[in-house]
Amino acid sequence: MIFREVEDGDLIARARRKDVEAFNLLVSRWEKRVFNYLLRLVRGREDALDLSQDVFLKAYQNLGKLEDDQRFGPWLFRIAHNEAYSFFRGRHPEDELPAEAAAAPSRYHMYPAELSVVVEGALSRLTADQREAVILKVYEGFKFEEIAEALECPVSTVKSRLYTALDVLKEALAPIPSRGVQ
Amino acid sequence: MSCSPFDLKDYFFGELAEAESARVRTHVESCPTCAEELDRLRLTEGALHSLRQEDPPRRIAFVSDRVFEPRWWQVWWNSAPRLGFASATLLAIAIVVHSFARPVVMVPVPPIQTAAVQVPARAVDASRVDEAVRAAVSASEARQAKKTVEMVEAARRDIEFQRRADRVQFEETLMLLQKRYNGLLVASADYGGRP
């Protein structure tokens, strides 16, 4: 992990000097994570791909503004976050954020594919803010401070969104046995 | 230690310092409620990880891919004819030089400064890349704007279609009611006509 960070730092330094091949390598390293983050947020492959493309273009344009090369990840996800929310605002100009509600079916004794459907259903019950916190923490493995940096909000806000989301997800995915669910 | 759910979640996500983490671990061993809560968190996380990371459907095309495509003459120059062309050129030069330089004069040839011979690096024209990035961003913004307009237009069409469908249905319902009403009138007239 440390070696990887050093390598990323080196690539960033080279990309700052307009070494496009170095930036291309950065793109290939981060594109899957950025794509999956956007995919789970906007839930459309083509939209996620378009937004990923925009994220890397804007990252290239603004690389000079990155103050600390070691914070490239949170910085890149901040751009992705801004792109995703611009996308939401374009789609739902009158609302703050979409908050879809979908009933999640019961989850136990399922095959992996079925469980995935249940998990997607459970995630769709969260607000976009909560879902984003879950994606960045559980799937992307960022620290609270890094998430706060990416979302430009206090750590306490991140924790609040994440823990509220977890309570919802627990009810759907790991209900208390004494409530009659296996 | 109290059964603070925030401590437990911080512990679960590995966000506590080692000393505090050890305290929570000790507490969980003796607290069935917290142990159950921790199990539920692990179950939830396990379920969440059933969603696999997907590969992007196609590679994200960075703008430089096109900018740095070799020109036609670069492709030609890097292809097989290059060696033949260079050999022919050298031969032609040798013939010309030989024909004009009959008297053989031994001229000391200065040693070649091999260290000074460098392969010119592929020039990265930053302004071209920046220009291409700007163009791509503008194109992307235009694409998003176009998508929004299309969505609004599609929504408008849907509403119009729904409105027409409602009107047709309303007219059909009205016609049906009219027929029933007429039927009732006829029936009542028949009934009224009986002695």
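Quantities reported herein were computed from a predicted structural model and do not represent experimental measurements. (Residues numbered from 1 in each chain as written. Chains lettered and ligands numbered in written order. Predicted model: local features only at pLDDT ≥ 70, side-chain atom pairs only at ≥ 80, totals over all residues.)

1. Considerations on the interface of chain A and chain B
So, step 1. Opposite the 37 residues of chain A that make contact, chain B presents 32 residues.
So, step 2. Listed by contribution, the elements that provide at least two residues to the side of chain A that touches chain B are helix 2 (20-42), helix 3 (45-61), helix 5 (112-124), helix 6 (128-139) and helix 8 (155-173) of chain A. (Contact = placed C-beta atoms within 7 Å. Helix = DSSP H or I, 4+ residues; strand = E, 2+ residues; numbered from the N terminus.)

2. With respect to unusual backbone geometry
One can expect most non-glycine residues to show negative phi and most peptide bonds to be in trans.
Residues and elements named next belong to chain A.
So, step 1. Positive phi, close to 65°, is recorded for Lys18, a residue that is not glycine.
So, step 2. Structurally, Lys18 is set in the loop between helix 1 (2-16) and helix 2.
So, step 3. On the basis of neighbour counts, which here come to 17 C-beta atoms within 10 Å, the residue Lys18 falls in the partly exposed class.
So, step 4. Of note, the phi angle at Glu152 is positive, near 55°, even though the residue is not glycine.
So, step 5. Its place among the elements puts Glu152 in the loop between helix 7 (144-151) and helix 8.
So, step 6. A tally of 11 C-beta atoms within 10 Å means that Glu152 is categorised as exposed. (Buried ≥ 20, exposed ≤ 12 C-beta atoms within 10 Å, placed from the backbone.)

3. Notes on the nonpolar core
Residue and element names in this part refer to chain A.
So, step 1. Formed by 56 residues in total, the largest nonpolar core has its most connected members in Val34, Leu38, Leu76 and Ala80.
So, step 2. For this core, the leading source of residues is helix 2, giving 12 residues.
So, step 3. Non-local contacts of Ala80, meaning those with residues more than four positions away in its chain, are made with Val34, Tyr37, Leu38 and Val55. (Core = buried A, V, L, I, M, F, W, Y, C linked by C-beta atoms within 7 Å.)

4. Side note on the packing of helix 3 of chain A against helix 4 (residues 72-91) of chain A
Residues and elements named next belong to chain A.
So, step 1. As a packed pair, helix 3 and helix 4 sit with axes 9 Å apart at the nearest point and diverge in direction by 130°. Here helix 4 runs oblique to helix 3, going by the angle between their axes. With respect to the hand of their crossing, helix 3 and helix 4 are arranged in right-handed fashion. Contacts between helix 3 and helix 4 involve Asp47, Leu51, Asp54, Val55, Lys58 and Ala59 from the former and Leu76, Ile79, Ala80, Glu83, Ala84 and Phe87 from the latter.
So, step 2. Of the residues belonging to the contact of helix 3 with helix 4, the class tally is 8 nonpolar, no polar and 4 charged. (Axes fitted to C-alpha atoms, helices over the stretch in contact; angles between N-to-C directions. Parallel < 35°, antiparallel > 145°, perpendicular 65-115°, else oblique. Left-handed = near helix turned anticlockwise from the far one by under 90°. Nonpolar A, V, L, I, M, F, W, Y, C, P; charged D, E, K, R; others polar.)

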